[in-house]
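Overview (structure and organization)
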Amino acid sequence: MDGARVARGAVAGVWLLFELATGSWLFGQINQKTLDRNFEPVVMTGSNFSQFSTVPLDELFLYAFDVQREAWSQIPYQIDERDATGDYFAVDDIPGLDDNDELVFMARDAGDRAVASWIPDQNSISFVRYEIEVVDPLTGNKGWVYLYRSQALKPDPNVTSYMTYVASSGANVGEDTVRTSFYELANLKNGFPSDLSITPAGGGTGQDLLDVLKFQANTSIADINENDITADVVDVRAGQVRVLRRLFGKLKVNLPFPLPDINVDFNTPPAIYYPFSLSIDVDVPDLPVSVSSARMSIDLNANATGMQFVSANNPQPGFIIDGKVDSPNSAIDDLLPDNNWIVITGTPGTIVHFFPLAPTVGGQRQLYYRDDSSQDNKDTGDKKSFGDTGILLTNDVASPFRLSYQGYFLAGDQSTDIGTQLAQFDQNPLQVQSTAQDFGTVPVELVSFTAAADGNDVKLAWVTATETDNFGFDIERRGESEATWKKVGFVAGKGTTANPSRYSFVDRALPPGKYDYRLKQIDFDGTYEYTNAIEVT
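All of the points below concern the structure found in this document. (Residues numbered from 1 in each chain as written. Predicted model: local features only at pLDDT ≥ 70, side-chain atom pairs only at ≥ 80, totals over all residues. Heavy atoms only, no water.)

With an omega of 5°, the peptide bond between Gln316 and Pro317 qualifies as cis. A cis amide bond links Ser399 with the next residue in sequence, Pro400, at an omega value of 0°. Locating Pro400 in the fold gives a position in the loop between β27 (385-397) and β28 (401-410). At Glu70, a residue that is not glycine, the phi angle is positive and equals roughly 50°. Residue Glu70 is classed as buried on the basis of its relative accessible area of 19%. Even without being glycine, Asp469 reaches a positive phi, approximately 55°. (Helix = DSSP H or I, 4+ residues; strand = E, 2+ residues; numbered from the N terminus. Buried < 20%, exposed > 50% of the residue type's maximum accessible area, 1.4 Å probe, protein only.)

Right, dumping it as structure tokens:
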């Protein structure tokens, strides 16, 4: 075979993957990620992982697979424990993972489907893994992550947390800060947001855009606003993907003299900060006075000058924030509150507001918008309004009631279509499905199979990524004039292993001609599968 060459099919790195579903050998890549809803978290309860019930949380690891690189990577995630009532901050009396606990990761970190691959960790093969498939119901796009259990693995120090929580350094516990990879938000001493910047990494300029989150209620005796709230205790649970923050305090109702002021307990449900978003609920307690109107709004500052305001009922061109009074359409959709999106965008960043509200709260619900840089001494914050946007309730607002806010903080100069898109996403949440997979059901994965002529010899080489019950490989050859295959050798397998294994075989002293080679992979129980043939001339 002097001067012989490797013919088609014998190129180094021929990819042969074992398809789990059918048991057949396939060329190519399988089930690559198409999911592209990058701003959304995925939250799953522990009930989806029944075979990991009571498992210590430090034995669980979340991975994504890259089929192009044949590589596994740990991704940012967290498991938040909850007690039987769903309280994140109470002591969970069930050790380890239980049905109430929540696994949280970002959809953007999902990877390809690992049809026949396992992480290179021998201890993990003693346990099942969970394949988590994430599906966009609008498009059918998919991505996958894998939850493994191992008593030998450690968290990868190269995995960067999305979230950083900075507690107050002074006596006012409400003055804390949440930083994500893409925005930063600081709070006043009452615990309400007061500074917001979208970082250069998040596609913004890093300028502070926020004056304050405003809460105001007009009652039959006195007016109430966010300055009447005192934060006494702030409970926080911070992880790699989200921060949960709960406020306990007092709401002071300033009654006219000589009536004594009233202090009412004011406790908020947990605000939830994610890498691109924030949700806040304000529960207005049962007040001893009637409420004629109430609003929650996000007021920006002068740095927002020049940004564009557009909403569902105020489409392009909308309004330019310039401190001058505008007259927007204040109608909202009571039937589909998620349709009431508001986009404020410009070079400093993009803010998408949602104010979801039950249609039973207040006699009338409408958009609140004020752009007026003149000083209003009855207002809060800097007493000016730059694109102050929110929800206004009027006509007999019976307490108690809840005001809600959800915001996305994104790169600057977004198309205002982002509001419609995020509303559609909210109405069509990501679908998830978890499937337990045993290492025994992930068979031999042949990563590559190559052949090269060397004089009168042919050198074969192949690599497996994982093996389960692999007895070994018969090497079979067929000449160009031969109708049947002939066994020319055997190489023992590694049994069961999650680590890559390399094999080789030399078929010696062959006469010139064309030859096909294939492997017959044999399990200990005698079952077998063939690879595709490769040709050598």
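Back to the text.
In terms of nonpolar packing, the biggest core is built from 75 residues, with Tyr273, Leu287 and Leu300 touching the most fellow members. The element that contributes the greatest number of residues to this core is β28, accounting for six residues. For this core, the domains that each give at least three residues are domain 1 (25-155 + 433-439) and domain 2 (163-411). Setting aside its immediate chain neighbours within four residues, Leu287 contacts Ile224, Leu251, Val253, Val264 and Ser399. The next biggest cluster of nonpolar side chains, apart from the first, holds 24 residues, and it includes Phe105, Ala107, Val128 and Val134. (Core = buried A, V, L, I, M, F, W, Y, C linked by side-chain atoms within 4.5 Å. Domains from an automatic or database assignment. Contact = heavy atoms within 4.5 Å.)

Those residues of helix α1 (residues 417-427) that sit buried are Ile418, Gly419, Leu422, Ala423 and Phe425. Axial view of α1: buried residues confined to an arc of 160°, hence all on one face. Check the buried side of α1 and you find it contacts β24 (341-346), β25 (349-354) and β28. (Arc of directions from axis to C-beta.)

In this section: the pairing of strand β9 (residues 142-149). The buried count for β9 comes to seven of eight residues, which makes it a mostly enclosed element. Strand direction decides the pairing type here: strand β4 (residues 60-66) and β9, joined by four bridges, are antiparallel. Across the sheet, residue Leu60 finds its bridge partner in β9, namely Arg149. Alignment of strand β8 (residues 129-135) against β9, held across six bridges, turns out to be antiparallel. Considered in β9, the bridge of Glu131 is made with Tyr146. The antiparallel pairing of β8 with β9 creates a hairpin that spans six residues between the two strands, and Gly140 there sits at a positive phi of about 80°. (Pairing = 2+ DSSP bridges.)

For Ile221, the location among the structural elements is in the loop between β14 (210-219) and β15 (223-225). For Ile221, a relative accessible area of 41% gives the class partly exposed. Along the backbone, Ile221 and Ser290 are 69 residues apart, and their C-alpha atoms lie at a distance of 8.2 Å. Apart from the residues within four sequence positions on either side, Ile221 is in contact with Leu255, Pro256 and Val289.

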